[in-house]
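Examining the three-dimensional arrangement
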Amino acid sequence: MIKAIVSGAAGRMGGRIIHMMEGVPGIMLAGAVERPDHFAVGQDVGEVVGLPRKNLPVSGSLAQVAAQGDVVIEFTHPEPTLANLKVAAEAGKAAVIGTTGLSAPQVEELKRLAAGARVVFAPNMSVGVNLLFKVVADIASVLTEGYDVEIVEAHHRLKKDAPSGTALKLAQVIAQALGRNLDKVGVYARHGMIGQRTDPEIGIQTVRAGDITGEHTVIFGGIGERLEVIHRAHNRDNFAKGAVRAALWIVNQKLGLYDMQDVLGLK
Ligand code: NAD
């Protein structure tokens, strides 16, 4: 039985991960963590997420409960994610990290910490989106010229980072397939007399509205036709199920950094 600790347990994703873990054979909730000043700290985690009591209090510190688990599932914010990964790595625990919005230096720090641990880090843990990463790379490798690439993502009004980690990964995958450097060709906003679109640019546009769970549209716009690929998440359960699947998978891997394509066998 794999023992999982959920960090960010009172958050939107943490709550759904705890719900999705119920009834999955081979894994159980062994710990729950929140930021130290969160009202949920000290309360029963079952009651916090709307399940029957579990007689498991939410802790305000991963260090206090790390010994109880085999794997930490972390969907929080960039800074606590790095601090908690350090704790998990030092305790010899595996980690599944779904947090997005890490800066480039923060990703470098994550990679450094992951070298001595077992870590799955993925901006999107749904099966459909990971298939999308594969499909858009295939499309881009055929439509190498004459097609303008634009990515449009839409999320709920509470999302803190933009563009989404998924949109950035889509852009990276496509840039790689086209042999372009995303740092040079990524265009994240357009306003005013900006002139004609350049051929190599990859547009990444952000919509924030209401309670949209997550939508990603990739457009390959040619002259006389366009190809669009769309993924729409209807709720958070697909991400949460992916996180549980990743937790079951990572505990049996060698030390190192993996992504959801590894977990799903899509590479
Ligand atoms: P949220 O704000 O609802 O939840 C985050 C939780 O983390 C909060 O409850 C907060 O109190 C908690 N937290 C803050 N500091 C903490 C600490 N030091 N220790 C423990 N917990 C702490 O946000 P959310 O919608 O659940 O999203 C969380 C992250 O997951 C975001 O970065 C989001 O973009 C990402 N996300 C990833 C996927 C994926 O599939 N990878 C899917 C959805 C969301």
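These numbers come from a predicted model, not from an experiment.

Digging into the packing of aromatic side chains
Tallied over the entire structure, the rule returns 1 aromatic pair. Across from the ring centre of Phe133, 5.0 Å away, lies the NZ or CZ of Lys169, which sits over that ring.

As for the sheet that holds strand 7 (residues 186-187)
The strands making up a sheet are joined through hydrogen bonds of the backbone, oriented either antiparallel or parallel. Strand order in the open sheet made by the 5 strands is 7-8-6-9-10, with mixed pairing throughout. In the strand order of this sheet, the two ends are held by strand 7 and strand 10 (226-233), each with one partner. Across 2 bridges, strand 7 lies against strand 8 (residues 202-208) in parallel orientation. Directly across from Gly186, in strand 8, lies its bridge partner Ile202. Strands in contact with helix 6 (residues 127-142) are strand 9 (214-221) and strand 10; relative to strand 10, the strand with the most contacts, it is inclined by about 170°.

Looking at the packing of helix 6 against helix 7 (residues 165-178)
For the pair helix 6 and helix 7, the least separation of the axes is 8 Å and the interaxial angle reads 30°. Relative to helix 7, helix 6 is oriented roughly parallel. As helix 6 packs across helix 7, the resulting crossing turns out to be right-handed. Side by side, helix 6 and helix 7 meet where Val129, Leu132, Phe133, Val136, Ala137, Ala140 and Ser141 of the first sit next to Thr166, Lys169, Leu170, Val173, Ile174, Ala177 and Leu178 of the second.

A closer look at the domain arrangement of the protein chain
Frequently, the measure chosen for interface size is the accessible area that the parts lose on association. Domain annotation for the protein chain reports domain 1 (2-125 + 236-263) and domain 2 (127-233). For domain 1 versus domain 2, the distance between C-alpha centres works out to 28 Å. Taken residue by residue, the interface counts 14 residues in domain 1 and 15 residues in domain 2. Counting each side, the surface lost to burial between domain 1 and domain 2 is near 1200 Å², with a carbon and sulfur contribution of 47%. For the domain 1 face of the interface with domain 2, the top three residues by lost area are Pro123, Asn124 and Gln261, together amounting to 38%. Run the count over domain 1 and domain 2 and you get 1 salt bridge. Asp259 is the salt-bridge partner of Lys169, the closest N and O atoms lying 3.6 Å from each other.

Parameters at a glance
Residues numbered from 1 in each chain as written. Predicted model: local features only at pLDDT ≥ 70, side-chain atom pairs only at ≥ 80, totals over all residues. Heavy atoms only, no water. Phe/Tyr/Trp six-rings, centres within 6.5 Å; stacked < 30°, edge-to-face > 60°. Lys NZ or Arg CZ within 6 Å of the ring centre and 35° of its normal. Pairing = 2+ DSSP bridges. Helix = DSSP H or I, 4+ residues; strand = E, 2+ residues; numbered from the N terminus. Contact = heavy atoms within 4.5 Å. Axes fitted to C-alpha atoms, helices over the stretch in contact; angles between N-to-C directions. Parallel < 35°, antiparallel > 145°, perpendicular 65-115°, else oblique. Left-handed = near helix turned anticlockwise from the far one by under 90°. Domains from an automatic or database assignment. Buried area = accessible area lost by both parts, 1.4 Å probe. Salt bridge = Lys/Arg side-chain N within 4 Å of Asp/Glu carboxyl O.

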